[in-house]
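# Tertiary structure, described
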Amino acid sequence: MRVGISLLTLAPGDLGGSETYARQLVRALPAVRKLDYTVFVPARAKDAAGGLPATEVAEPPVGRRGPARVLGMALSAFRSRAVRSELETVDVVHYALTVPVPATKAPTVVTLHDVQHRDLPEFFGRARRSFRRIAYDRATQSASAVIVTSEFVRGRALELLELDPAIVHVIPHGINHTLFRPGDEEREPFILYPARPWPHKNHARLFEAFASLRKKQPKLRLVLTGGGLERLGSLPDGVERWGVVPAAELASLYRRAAVTVFPSLYEGFGLPPLEAMASGCPVAAAETAAIPEVCGDAAVLFDPLDPESIAAGIVDADSRSEELREKGLARAAAFTWNETARRHEDAYLAAAENS
Amino acid sequence: MRVGLSLLTLVPGISGGSETYARELVRALGRVGRFEYRAFLPSVAADVDGLPVELVPEYRASRSTGGRIVAMTRASISGRSINRRFEGQDVLHFPLSVMVPRVESRSATTTILDVQHELLPQFFSRAELAYRRNAYGWSARRSRLVLTISRHAAETLVERLGLAEDRVRPIHLGIDHDVFWPGDETRGEFLLYPARSWPHKNHARLFEAFAELRPRHPGLELVLTAYDGPVPDGVRSLGHVSREDLVRLYRTAAALVFPSLYEGFGQPPLEAMACGCPVACSNVASLPEVVGDAARLFDPSSTEEIVAAVEDVLSDPDPWRRRGFDRAAGFTWEKTAHAHDAVYEELAS
């Protein structure tokens with residue numbers, strides 16, 4: 001059986017969870033594969049095909065990201081002879097980034113990372129909301145199999161998109177254990193929050209919690225990483241904006257931070273808590289969305305809407321660092337990209353059988 | 001004086017006891033309440049009646065834990081329009097255990113219906129446990145008074161949440177005596193246990209006790225409602241039944257057996273008593289306080305005790321029936337409503 005995996009809407013450097021997922025999945029598939037693959041990639045991200053055969057599509061002339069680029073990509077793919085001939089040979093097409101480009105008559109598998117556009121529509125501009133409604137909802141509603149990252153997303157998708165439960169597979173993400181591993185660095189008095197400043201990432205309430213902690217520990221710092229942090233404007237005392245850091249540096253931050261905090265209001269999965277656990281860092285995380293099912297009992301959970309609860313969670317995680325380190329390492333070990341890849345092959349086979 | 005009741009998290013058909021409490025309280029306040037009330041409802045529960053209502057379509061109540069958390073998150077980030085609806089109320093009451101929307105008010109009260117998660121955490125998923133601890137915790141902190149439904153639940157709140165005793169008020173629930181009254185049906189040869197398949201309802205132990213009872217009482221059956229697990233021989237599982245059918249079962253059962261390991265209150269024993277059905281009842285949590293000496297009490301962790309209690313009731317049902325009927329008569333929704341009015345008055349002062 002031959003599977004076409006589309007990463008055509010990858011915008012390199014977004015470095016969100018979905019880009020990590022797309023890249024790690026195609027990197028892990030060669031190790032476990034029973035099936036044949038071709039990966040559709042945009043020209044400026046051809047390395048994303050990992051070890052699998054790639055079908056490259058020329059960059060559209062307009063739009064670096066967003067709906068304009070997607071439309072341009074769809075057109076480029078439609079015009080590409082290579083894509084057309086590959087599409088004739090595949091039995092299943094997997095839209096790993098949800099958006100159904102290139103169009104195909106073959107049965108499709110769609111990965112749905114979250115349904116935030118329906119759950120928290122006020123966090124989206126009108127254009128992105130309607131784009132997601134059209135692209136995501138239709139893609140999943142016509143798919144032969146839908147892959148979701150957590151039971152939480154599954155529940156939300158069944159409720160909001162009315163999908164057939166039989167075709168929705170929960171496949172958690174993995175963790176890159178070569179990169180994220182415990183070390184012998186000293187822990188330093190800073191709290192780490194790796195997140196782009198989307199509204200649902202909840203930086204404002206974290207700042208409130210941090211301010212109250214700093215009153216008692218004046219040397220405490222809060223380190224923020226991720227793209228776009230300039231949008232947060234001026235920061236409270238003790239908060240440091242590190243911006244986009246290389247993966248190896250992020251890994252080192254996890255090994256040195258006193259606590260990794262994850263106060264996000266909405267996650268379809270949420271990789272940072274697991275990355276921190278894999279690095280031996282104690283985690284305090286929000287009790288919302290998929291976060292508790294991902295963290296299991298290896299993190300302190302708090303109410304992300306309540307700054308007092310966030311602060312108490314950080315203090316608790318810090319004071320239980322030895323216990324949480326052991327629990328976290330054990331928890332993170334259960335998540336590997338090879339396992340994720342294996343379960344994707346099962347979903348591809350199910351989709352082909354299904355249709 | 002104006003009293004607003006927020007029922008935004010009400011989803012019909014999933015929350016059992018708390019839904020009954022909210023609906024009956026609203027109806028009873030409508031009949032006997034002394035103030036001006038307004039009930040705020042999500043679209044899915046638009047049928048709540050008895051008081052003037054205001055629909056809040058921007059709040060999306062949901063039946064799943066995930067959906068509930070999303071709805072609360074959403075209310076709190078875009079909550080200004082929702083909060084504005086509650087302006088002008090002198091007192092705010094949140095009868096469904098969680099303060100939604102979150103308000104800053106000196107005259108707010110939340111009813112925390114059960115604290116089972118504090119006593120039996122092993123029966124809860126990690127997400128549900130964290131959600132309850134956090135949500136109940138901040139609801140209690142932001143409320144001037146916390147209501148609950150039994151003295152036992154009040155003690156647990158004081159003990160586990162560290163609330164000051166004088167901030168916690170137990171108010172017993174009522175029984176709808178227009179629905180639950182003895183008929184003239186003849187009683188059959190079966191024991192009744194209406195309870196969902198939740199671990200704390202203790203079905204497994206009851207099945208053990210029933211296996212011992214059966215050889216000694218050939219023909220005796222055990223009838224379950226609302227249960228959806230597998231059952232042993234001689235046990236009839238009716239699944240979900242209507243309220244009319246439940247009343248008929250109370251009127252025709254030889255006895256109600258109630259081996260639950262935890263209740264915030266425990267309405268079924270009282271409902272059975274109101275229908276003239278003799279009751280054998282677990283002696284834990286709020287149950288002794290609710291049934292008093294009108295039920296044959298037993299230790300629900302002991303098979304032998306359950307067997308002995310059921311046999312006592314079966315061999316001499318009449319005294320239990322009389323005492324039970326008397327006991328149930330003391331519980332009315334009007335009484336519950338009056339007790340709420342007293343709290344509302346205190347909050348406004």
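Keep in mind it's a predicted model, so treat the numbers as computed, not measured.

## Observations regarding the pairing of strand β6 (residues 145-148) of chain B
Residues and elements named next belong to chain B. Here β6 shows no split at all, with L145 and L147 on one side and V146 and T148 on the other all buried. In this sheet, β6 lies alongside strand β5 (residues 108-111) in parallel orientation, the contact comprising 3 bridges. Looking at the pairing, T111 lines up with L147 of β6. Two strands pair when backbone bridges link them, and β6 and strand β7 (residues 168-170) are joined in this way by 3 bridges, in the parallel orientation. By the bridge assignment for β7, L147 is matched with R169.

## What to know about the side chain of A:R23
All names here are of chain A. Relative to the helices and strands, R23 is located in helix α1 (residues 17-32). According to the relative accessible area criterion, R23 is buried, its value standing at 15%. Within the local environment of R23, its side chain forms a polar contact with the side chain of D47, the two groups lying 2.9 Å apart. In this view, R23 contacts L10, P12, A45, D47 and A48; residues no more than four positions away in its chain are not counted.

## Describing the nonpolar core
Residue and element names in this part refer to chain B. If you look at the biggest cluster of nonpolar residues, it comprises 83 residues, and the most contacted ones within it are L191, L222, V257 and Y344. In terms of residue count, the dominant contributor to this core is helix α1 (residues 17-32) (6 residues). Ignoring anything within four residues of it in the chain, the contact list for Y344 reads M1, V3, L5, L25, L29, F35, Y37, V91, H93 and T109.

## Focus on unusual backbone geometry
Residue A:P102 follows A:V101 across a cis peptide bond; omega there is 0°. Structurally, the position occupied by A:P102 is in the loop between β4 (92-95) and β5 (108-112). The amide bond that connects B:V100 to the next residue, B:P101, takes the cis arrangement and shows omega of -5°. If you trace the backbone, B:P101 turns up in the loop between β4 (91-94) and β5. Despite not being glycine, A:E162 shows a phi value in the positive range, around 55°. Given a relative accessible area of 69%, A:E162 falls into the exposed group.

## Describing the interface of chain B and chain A
Each partner contributes to the interface: chain B provides 22 residues, whereas chain A provides 27 residues. Regarding the contact of chain B and chain A, the summed buried area is about 1,900 Å², with carbon and sulfur atoms giving 53% of it. Linking chain B with chain A are 4 salt bridges. The salt bridge involving A:E122 is made with B:R74; its shortest N-O contact spans 2.9 Å. Applying the counting rule to chain B against chain A returns 9 residue pairs in polar contact (both at pLDDT 80 or more). Going through the elements one at a time, α2 (65-77) and α5 (126-142) of chain B are the ones with two or more residues in the side of chain B that touches chain A. Here the side of chain B that touches chain A gets 9 residues from one element, more than from any other, and that element is α2(B). When its residues are assigned to classes, the side of chain B that touches chain A shows 8 nonpolar, 8 polar and 6 charged.

## Structural notes on the sheet that holds strand β13 (residues 300-302) of chain A
All names here are of chain A. One open sheet accounts for 6 strands, arranged β10-β9-β8-β11-β12-β13; its pairing is parallel. Single-partner strands in this sheet number two, and they are β10 (239-243) and β13. Between one strand and the next, the sheet's axes are offset by a mean angle of 25°, whatever the strand orientation. Taken together, the 5 bridges between strand β8 (residues 188-194) and strand β9 (residues 221-225) define a ladder with parallel strand orientation. From the neighbouring strand, P194 faces β9, where its bridge partner is T225. In the packing of helix α7 (residues 203-216) onto the sheet, the strands contacted are β8, β9, β10 and β11 (257-262), and the crossing angle to β9 comes to about 160°.

## With respect to the confidence of the model for chain B
A residue-level look at chain B finds 99% of positions with pLDDT of 70 or above and a mean pLDDT of 93. Of the two predicted TM-score estimates for the complex, the pTM is 0.82 and the ipTM is 0.74.

## Quick look at the packing of aromatic side chains
Residues and elements named next belong to chain A. Taken as a whole and assessed by the stated rule, the structure comprises 12 aromatic pairs over all chains. Aromatic side chains Y37 and Y348 sit 6.1 Å apart centroid to centroid with 65° between the ring planes, which places their arrangement in the edge-to-face category. You can see Y37 sitting in strand β2 (residues 36-42) and its partner Y348 sitting in helix α13 (residues 337-354), a full 311 residues away along the chain. For the pair formed by Y37 and Y348, the shared burial category is buried.

## Quick word on α1(B)
Residue and element names in this part refer to chain B. The end-to-end C-alpha separation of α1 is 22 Å, in line with the 22 Å expected for 16 residues at 1.5 Å each. Taken as a whole, α1 has its buried residues at S18, E19, Y21, A22, R23, E24, L25, V26, A28 and L29. Next to the buried residues of α1 lie β1 (2-6), β2 (36-41), β4, β5, α8 (243-252) and α13 (333-348).

Parameters and conventions
Residues numbered from 1 in each chain as written. Chains lettered and ligands numbered in written order. Predicted model: local features only at pLDDT ≥ 70, side-chain atom pairs only at ≥ 80, totals over all residues. Heavy atoms only, no water. Buried < 20%, exposed > 50% of the residue type's maximum accessible area, 1.4 Å probe, protein only. Helix = DSSP H or I, 4+ residues; strand = E, 2+ residues; numbered from the N terminus. Pairing = 2+ DSSP bridges. Polar contact = N/O pair within 3.5 Å; in protein donor to acceptor, adjacent residues only side chain to side chain. Contact = heavy atoms within 4.5 Å. Core = buried A, V, L, I, M, F, W, Y, C linked by side-chain atoms within 4.5 Å. Buried area = accessible area lost by both parts, 1.4 Å probe. Salt bridge = Lys/Arg side-chain N within 4 Å of Asp/Glu carboxyl O. Nonpolar A, V, L, I, M, F, W, Y, C, P; charged D, E, K, R; others polar. Axes fitted to C-alpha atoms, helices over the stretch in contact; angles between N-to-C directions. pLDDT = per-residue confidence, 0-100. Phe/Tyr/Trp six-rings, centres within 6.5 Å; stacked < 30°, edge-to-face > 60°. Expected span 1.5 Å × (residues − 1).

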